[in-house]
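# Residue-level structural notes
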Amino acid sequence: MSFEPGKVYKLANFRTGSALTLKPSTGLVVGDMFEGKPNQLWKAEPTSSGFWSFKNVEHQGLYLGIERKIVATDGKVVSGVSYLFAWAPKRVGEDSSSVMFKLFIPYTDQVLDLNLNGGWANGILLQVYKDWGAHQLNQKWIIDSNTTFENPVNAGGIYKIVNCDSGTVVHLEDTRKVAGYSFNDGRNQNPWSGLYMALATSDSDPVAQDSARAVGVPHPFAWDVVPERAYGAKGEACRIFVPYTALNLDLDLGKDDPGTTIGLSSRDDGSKQRWRFELCDFHAGAVQRRSGDGSNVNANDVPVIEPA
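Residues numbered from 1 in each chain as written. Predicted model: local features only at pLDDT ≥ 70, side-chain atom pairs only at ≥ 80, totals over all residues. Heavy atoms only, no water.

Along the chain, the regular secondary structure elements total 0 helices and 24 strands. For the chain, the proportion of its 308 residues judged to be buried stands at 49%. Considering only contacts within the chain whose residues lie at least 6 apart along the sequence, 57% involve residues at least 24 apart. Accessible area of the chain: about 14,600 Å², with a carbon and sulfur share of 50%. (Helix = DSSP H or I, 4+ residues; strand = E, 2+ residues; numbered from the N terminus. Buried < 20%, exposed > 50% of the residue type's maximum accessible area, 1.4 Å probe, protein only. Contact = heavy atoms within 4.5 Å. Areas by Shrake-Rupley, 256 points an atom, 1.4 Å probe, with all protein chains shown as cover.)

Next up on the list: the nonpolar core. Ranked by size, the top nonpolar core spans 29 residues in total, and within it Leu20, Phe54, Leu64, Trp87 and Leu112 carry the most contacts. Ranked by residue count, the leading element in this core is strand β11 (residues 124-130), at 3 residues. Tryptophan 87 has contacts with Phe51, Trp52, Phe54, Leu64, Gly65, Leu103, Phe104, Ile105, Pro106, Leu112 and Val128, leaving out every residue within four places of it along the chain. Residues Val178, Trp223, Val242 and Leu249 belong to the second largest nonpolar core, which totals 23 residues. (Core = buried A, V, L, I, M, F, W, Y, C linked by side-chain atoms within 4.5 Å.)

The next point concerns the pairing of strand β19 (residues 238-241). Burial along β19 is two-sided: the face carrying Cys238 and Ile240 and the face carrying Arg239 and Phe241 are both buried. Judged from the 4 bridges that link them, strand β18 (residues 224-227) and β19 form a sheet pairing that is antiparallel. In the sheet register, valine 226 faces β19, and the bridge partner there is arginine 239. (Pairing = 2+ DSSP bridges.)

A few words now on the pattern of salt bridges. If you walk through the whole model with that rule in mind, you get 10 salt bridges. Among the salt bridges present, the one from lysine 37 reaches glutamate 35, with a minimum N-O distance of 3.3 Å. Given a relative accessible area of 41%, lysine 37 falls into the partly exposed group. The class for glutamate 35 is partly exposed, based on a relative accessible area of 35%. (Salt bridge = Lys/Arg side-chain N within 4 Å of Asp/Glu carboxyl O.)

Within the structure shown, the criterion is met by 8 aromatic pairs. Relative to tyrosine 107, the ring of phenylalanine 51 lies with its centre 5.6 Å away and its plane at 85°, an arrangement referred to as edge-to-face. Here phenylalanine 51 is found in the loop between β4 (42-46) and β5 (52-56), whereas its partner tyrosine 107 is found in the loop between β9 (100-104) and β10 (110-114), with 56 residues between them in sequence. You can call tyrosine 107 exposed: its relative accessible area is 76%. Both rings, one in phenylalanine 221 and one in tryptophan 223, keep their centres 4.9 Å apart while their planes meet at 55°; by these two values the pair is tilted. With a relative accessible area of 16%, tryptophan 223 lands in the buried category. When the ring centre of phenylalanine 34 is taken as origin, the NZ or CZ atom of lysine 10, which lies over that ring, is 4.6 Å away. The residue whose ring lies beneath lysine 160 is phenylalanine 183, and the NZ or CZ to ring-centre distance is 3.6 Å. (Phe/Tyr/Trp six-rings, centres within 6.5 Å; stacked < 30°, edge-to-face > 60°. Lys NZ or Arg CZ within 6 Å of the ring centre and 35° of its normal.)

Once that is clear, we can look at the confidence of the model for the chain. For any part of a model where pLDDT is low, the fine detail of the predicted coordinates should not be relied upon. Summing up the model confidence of the chain, the mean pLDDT is 83 and the portion of residues at 70 or higher is 82%. Within the model, pLDDT remains below 50 along residues 186-191, and this stretch shows 11 contacts once partners closer than five positions in the same chain are excluded. Counted against residues more than four places away or in other chains, residues 283-297, with its pLDDT under 50, gives 30 contacts. (pLDDT = per-residue confidence, 0-100.)

With respect to the helices, strands and loops of the structure, serine 79 is situated in strand β7 (residues 79-81). Overall, the relative accessible area of 8% leaves serine 79 in the buried class. Excluding anything up to four places from it in sequence, serine 79 contacts Gly27, Leu28, Val29, Tyr63, Leu64, Gly65 and Glu67.

Another point: the side chain of glutamine 273. Secondary-structure assignment places glutamine 273 in the loop between β21 (260-266) and β22 (275-283). A polar side-chain atom of glutamine 273 sits 3.1 Å from the main-chain carbonyl oxygen of serine 266. In contact with glutamine 273, not counting residues within four places along its chain, are Cys238, Arg239, Asn248, Leu249, Asp250, Ser265, Ser266, Arg267 and Asp268. (Polar contact = N/O pair within 3.5 Å; in protein donor to acceptor, adjacent residues only side chain to side chain.)

Shown next as structure tokens:
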């Protein structure tokens, strides 16, 4: 991939999937979940010295950069600046088609860096920092001309939720515990229970905790389904968070054993915390595969998605 002058791109962090987002109220550029908004889109323009600048689409007079007349050192904040600011993109990896880059300030060892103390939510601070090499995921950026936004799931849709590590699915056991099982075509299994996937909490301690078990409950429970843009640009891979926390659904050790525990864990970079939502058709009391092969699937494996 090479940049095209005047073409619009999204810039997403490889570690979190957070997109560079210009906040007009503060002028800061932060990492937010990508939603296809114009303040998350950047027009690439070449500079006369052979580098590249990135101009915000919504705020046309502002470029990605740092303040003038300062030394670029660790921790300098990145914002929208009113003058052309040059970056030196360096492709990560040997594949010439790779869309992953590090963005250097020319003639320095400083790169665009997503603050590691910002967690995984919206509003993560952007700064420049010394390049720490290829292993530093928060300094890698996916620069992609595909700027469309698609919801990873649709309200009312019926999905099987497949773990990206094991290939097993989210399954509601008769005990109302949620666990990982191999996908079953369901010839001898019960219809969908109508329960909602939630957390095992108590009235005395309703706070979400690391290692809390996922269970089925009779009342709605809200989850944040966040596309993992680094691993699936259109939601092929997602994380499932408890809202306003850094806790997401985790398949224990990524095992494919029947009954493997699914619960909460702090986010890591493992694929056992990434999930695919595969749409199914529901009719005549049975769920059938989207591919139309006619085989029934276990309704305990196929949650219905409802809006929070």
